[in-house]
Amino acid sequence: MFYSSVIIAFIMVLILSAVGTALLDIVFRFLGKRGYLGNLYPNVRGGTPRGIGLVPFLILSFFMLPGCNILILIIGIFAFIDDVIGRRKCEPLGIEWGQLSRGIGIILVIIVGILEGYWISAVFIALMVQPLNISDMQPGSTCLVTLIMSVVTIIFMLIFGSPYVSELPAVYTPLLIFFVCLGYSPLDFAGKIMLGEVGNHTFGVALGLAFYMVGGLWSVIVLGIITTALIAFIRRNNLSVFFRNKLRIPNPTFGDYFMDVLTGGGLGDLCRRWLFKDKQYVVRNPLLIALGFRRLLYNPYASRSNTYVSRNKIPRLNKGG
């Protein structure tokens with residue numbers, strides 16, 4: 001009786017996610033085409049609603065276990081502010097308002113997570129925002145990662161045992177994430193909608209919480225590394241072009257891709273700006289190159305005197321590549 005009611009609940013969640021996504025898509029398109037949504041309706045593929053990840057955010061905020069839903073609520077609110085504000089500059093701090101909002105959300109997740117008893121694991125749970133944010137650069141990639149890692153988490157729980165959390169088996173959490181993402185994903189895979197920061201941040205923290213339920217700190221770290229490697233693998237072709245044409249790093253390795261997913265993006269590069277200022281450290285050691293230290297130490301704010309390849313020698317991918 002108990003398990004049948006849980007199955008019915010998951011089916012309802014799947015339907016709610018699918019229907020809610022479709023309805024919000026219609027509403028956002030209606031408003032966006034009339035110029036009412038600003039950053040929530042960017043001119044991508046002729047106009048694509050952004051921030052439809054509100055649907056997974058609201059469902060997970062409501063259905064996640066007590067102590068987990070508050071962390072989802074925090075990161076989702078501040079991520080949605082990021083979506084709405086966009087890339088407007090906060091001149092006094094030299095960063096974007098969206099980055100500031102995202103950073104505040106991550107810090108609050110860490111603080112509240114520690115208070116909720118996750119301790120140091122709260123830091124790694126909050127940092128799951130980074131790889132999921134990087135994954136959300138092409139249609140369906142974040143959904144694919146979320147679906148795969150939900151299944152991987154379930155497998156880990158079956159192998160190592162699934163404890164009970166708030167009178168429910170821990171496997172409830174990755175199953176919930178899976179069905180919410182499954183209902184949302186068809187339109188995302190088709191490139192018709194965008195998760196936005198609210199969506200990928202929500203899935204990032206939700207997965208981090210599911211990882212924690214496997215075995216605490218060690219499982220958050222191990223499954224977090226697997227997630228990062230999976231994203232690097234899925235996005236390897238796009239990242240290859242990005243490394244060659246934007247960062248001017250020739251022959252990027254998988255370590256470079258992994259490090260970009262782990263430490264790239266606006267916040268990661270902002271940290272490099274604060275740490276390295278105008279310096280650019282060039283890595284020549286083959287082992288460090290294989291491990292991705294060229295990307296780890298790459299400072300986009302540095303002067304270009306020490307870059308790896310000059311602009312007139314940027315390597316290009318073959319048309320068939």
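Our subject is the structure listed above.
Residues numbered from 1 in each chain as written. Predicted model: local features only at pLDDT ≥ 70, side-chain atom pairs only at ≥ 80, totals over all residues. Heavy atoms only, no water.

> Would you take a moment to explain the pattern of salt bridges for this structure?
Here the idea is simple: oppositely charged side chains can pair when their charged atoms come close. Applying the stated criterion across every chain yields a total of 7 salt bridges. With its nearest N and O atoms 2.8 Å apart, the salt bridge here joins Asp256 to Arg294. Here Asp256, found in helix H12 (residues 254-263), pairs with Arg294, found in helix H15 (residues 293-296); they are 38 residues apart in sequence, far enough to count as distant. Under the relative-accessibility criterion, Arg294 is labelled buried at 6%. Between Asp260 and Arg295 there is a salt bridge, with the nearest N and O atoms lying 2.6 Å from each other. (Salt bridge = Lys/Arg side-chain N within 4 Å of Asp/Glu carboxyl O. Helix = DSSP H or I, 4+ residues; strand = E, 2+ residues; numbered from the N terminus. Buried < 20%, exposed > 50% of the residue type's maximum accessible area, 1.4 Å probe, protein only.)

> Honestly, the packing of aromatic side chains in this entry has me stumped. Any pointers?
The geometry of an aromatic ring pair is captured by the separation of the ring centres together with the interplanar angle, meaning the angle of the planes. In the structure shown here, the tally under the stated rule is 10 aromatic pairs. Measuring from ring centre to ring centre gives 5.4 Å for Phe10 and Phe179, while their planes differ by 15°; the resulting arrangement is stacked. Here Phe10 is found in helix H1 (residues 2-32), whereas its partner Phe179 is found in helix H8 (residues 172-189), with 169 residues between them in sequence. Taking the relative accessible area as the measure of exposure, Phe179 reaches 21% and is therefore partly exposed. Relative to Tyr281, the ring of Phe276 lies with its centre 5.4 Å away and its plane at 75°, an arrangement referred to as edge-to-face. Given the relative accessible area of 14%, Phe276 is considered buried. Members of the aromatic cluster, connected to one another through ring pairs, are Phe10, Tyr172, Phe178 and Phe179. Over the face of the ring belonging to Phe233 we find Arg236, whose NZ or CZ atom lies 4.0 Å from the ring centre. (Phe/Tyr/Trp six-rings, centres within 6.5 Å; stacked < 30°, edge-to-face > 60°. Lys NZ or Arg CZ within 6 Å of the ring centre and 35° of its normal.)

> Sorry if this is basic, but what is going on with the environment of Gly117 here?
Among the secondary structure elements, Gly117 is positioned in the loop between helix H4 (97-115) and helix H5 (121-127). Take Gly117: its relative accessible area is 27%, and that puts it in the partly exposed class. Taking C-alpha positions, Gly117 is 9.0 Å from Gly67, a pair spaced 50 residues apart along the chain.

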